[in-house]
Amino acid sequence: MSFVASVSDLVGRASPHTVKNVIIVGGAFAGIAIADSLLRTLGSKAKILLIDERDAFFFAVRALVPIGNPKNVDVVWRPFTEFAPGLGSTNFAQGRAIRLTSDRVELANGRAFPFDFAVVASGTFSPSPGKTLQVNRPDFEREIERISAALQPGKARAVTVIGGGQVGVELACHLCSHIPHLEVTLVHRSGSLLSSMVGISQAFRDTVLDRMHKLFPNLRVELGQQILEDPPIPEPYEGFTLKPQILTTSGGITLRPDATFLTTGNVPNSGFVSAGLGPQVLDAKGFVRTRPTGQIIGFPHIFAAGDVADLDRIKLAKMARSQAEVIAYNLAALIDTSEAPTGTISADTSATRPEMAIYEPFTLSARRVRLGEKGAVAEKDGVVQFLEPSQLSSHDNKKAGGIGDARGR
């Protein structure tokens, strides 16, 4: 059922005669795109504030690139202004949101910011190295240097990767490609790799497994196995341990890795939302419940976008950016119904002023998983093929080992 709300029904607290405070919590793909659009289009009509726990944009698409080559940190840790040139010191606050009420955001550092409108674009929690828990570049550099040093010859021989989703598969292949002395074991609880990946066929999964076996003699894949140790990564939790340990699988296999990486447990970063707005704003999996306009149900002046929102079950940067277009348009329409941002409304959102734009979930026709430097497996319109390195674009080869499908937030 389509949903189109009149701006006059929703604007409520908005008035074109006063400057509005707009806060965006989360500066990844969705959040930074919304900030950039509003900074360019609203001018003096609104004060835009982006809040993020990190001091820069974490480019998750290339998260694996620095592993084994710490000099490539610049590929991952990038200035916010690269994506939002108009963002200045008065438009940014670093901190972790702990509570969102109907009119303010509270941070762990004690600061609080009132708002007229807000966007929740806080993404998901997931461990290193697919993402990172670090919030400042120096700490991230030290983390990457520590991982890379621990995997060098003489320091590590065996590595276990727990979790056979896209990050786990690409991490295992990256390690085999870039640090070839390692013997890597990938353990996945399902009987098939990429079991939770949306928009792919079983033929795609089978082809990925077949190519991994053929390309990497130093890679072993154990399917239908669970690690019995709980937790498999000792405290303090970072998503990995660089110390030798003994792990046992549910099938009785004993592993003795010198380093272990956990690539499971992508969790919505939404606790601060329910802490202030109530548990009813989240679905059973912890995603923020929204209308097709991006507005949080029950709070028409607060929006949610990217991985944390339930707008789309597919969590990729492409979807996050499309959601950002819709929400930037709708925010501007609420703030000033006579001047919605030009150029941010896409063909997928046919609503025009003064109606609200609608986000329509994507139907993916193409997916891809990168197998280190050895190529990639792709599926488009049901056809599965292996792409040799020479078939990949120069841009892809520069980011070898990165996440083949841009994971959003």
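Residues numbered from 1 in each chain as written. Predicted model: local features only at pLDDT ≥ 70, side-chain atom pairs only at ≥ 80, totals over all residues. Heavy atoms only, no water.

Trainee: Quick rundown of the nonpolar core? Include the residues and the values.
Mentor: Counting 44 residues, the largest nonpolar core has Leu151, Val169, Leu175, Met212 and Leu371 as the members making the most contacts within it. Counting residues per element, the ones that place at least two in this core are helix H3 (73-76), helix H4 (137-150), strand S11 (158-162), helix H5 (166-178), strand S12 (183-188), helix H6 (202-215), strand S13 (219-223) and strand S17 (259-262). Element by element, the count of residues in this core is highest for H5, at six residues. Sequence-distant contacts of leucine 151, that is, excluding residues within four places in its chain, are made with Ile67, Ala156, Val159, Leu175, Ile179, His181, Leu182, Ala259 and Phe261. (Core = buried A, V, L, I, M, F, W, Y, C linked by side-chain atoms within 4.5 Å. Buried < 20%, exposed > 50% of the residue type's maximum accessible area, 1.4 Å probe, protein only. Helix = DSSP H or I, 4+ residues; strand = E, 2+ residues; numbered from the N terminus. Contact = heavy atoms within 4.5 Å.)

Trainee: Tell me about the environment of lysine 374, and please be specific about residues and values.
Mentor: Position of lysine 374 among the secondary structure elements: in the loop between strand S21 (366-370) and strand S22 (376-380). For the pair formed by lysine 374 and methionine 212, sequence separation is 162 residues and the distance between their alpha carbons is 9.5 Å. When near neighbours in sequence (up to four residues on either side) are disregarded, lysine 374 contacts Ser177, Leu215, Phe216, Phe386, Leu387 and Pro389.

Trainee: Can you explain the packing of helix H2 (residues 29-41) against helix H8 (residues 317-335)? Please cite residues and give values.
Mentor: Between H2 and H8, the least distance of the axes is 8 Å, while the angle of their chain directions is 35°. Taken as a pair, H2 and H8 cross one another with a handedness that is right-handed. Taking contact as the criterion, the partners of Phe29, Ala30, Ala33, Ile34, Ser37 and Leu38 in H2 are, on H8, Ala317, Ala320, Arg321, Ala324, Ile327, Ala328 and Leu331. Its residues assigned to classes, the contact of H2 with H8 shows 11 nonpolar, one polar and one charged. (Axes fitted to C-alpha atoms, helices over the stretch in contact; angles between N-to-C directions. Left-handed = near helix turned anticlockwise from the far one by under 90°. Nonpolar A, V, L, I, M, F, W, Y, C, P; charged D, E, K, R; others polar.)

Trainee: Kindly report on the layout of surface pockets, identifying the contributing residues and their values.
Mentor: Quantified by volume, the largest pocket comes out at close to 1,100 Å³. What lines the largest pocket is a set of 40 residues, among which Gly165, Ser196, Thr263, Gly265 and Asn266 lie closest to the centre. Looking at the lining of the largest pocket, the elements that each hand over two or more residues are H5 and S12. Partitioning the lining of the largest pocket into residue classes produces 14 nonpolar, 18 polar and eight charged. (1 Å grid on protein atoms, 1.4 Å probe; cavity = no way out; pocket = protein on both sides within 12 Å on 5 of 7 lines; lining within 4 Å. Points joined across faces, edges and corners; volume = space filled by probe spheres on them.)

Trainee: Describe H4, with residues and values.
Mentor: Compared with the 20 Å implied by 1.5 Å per residue over 14 residues, the 20 Å span of H4 between its first and last C-alpha is a close match. Considered for burial, the residues of H4 that qualify are Phe140, Glu143, Ile144, Ile147, Ser148 and Ala150. Those residues of H4 hidden inside the fold are in contact with strand S3 (57-58), H3, strand S4 (77-78), strand S14 (240-241) and S17. (Expected span 1.5 Å × (residues − 1).)

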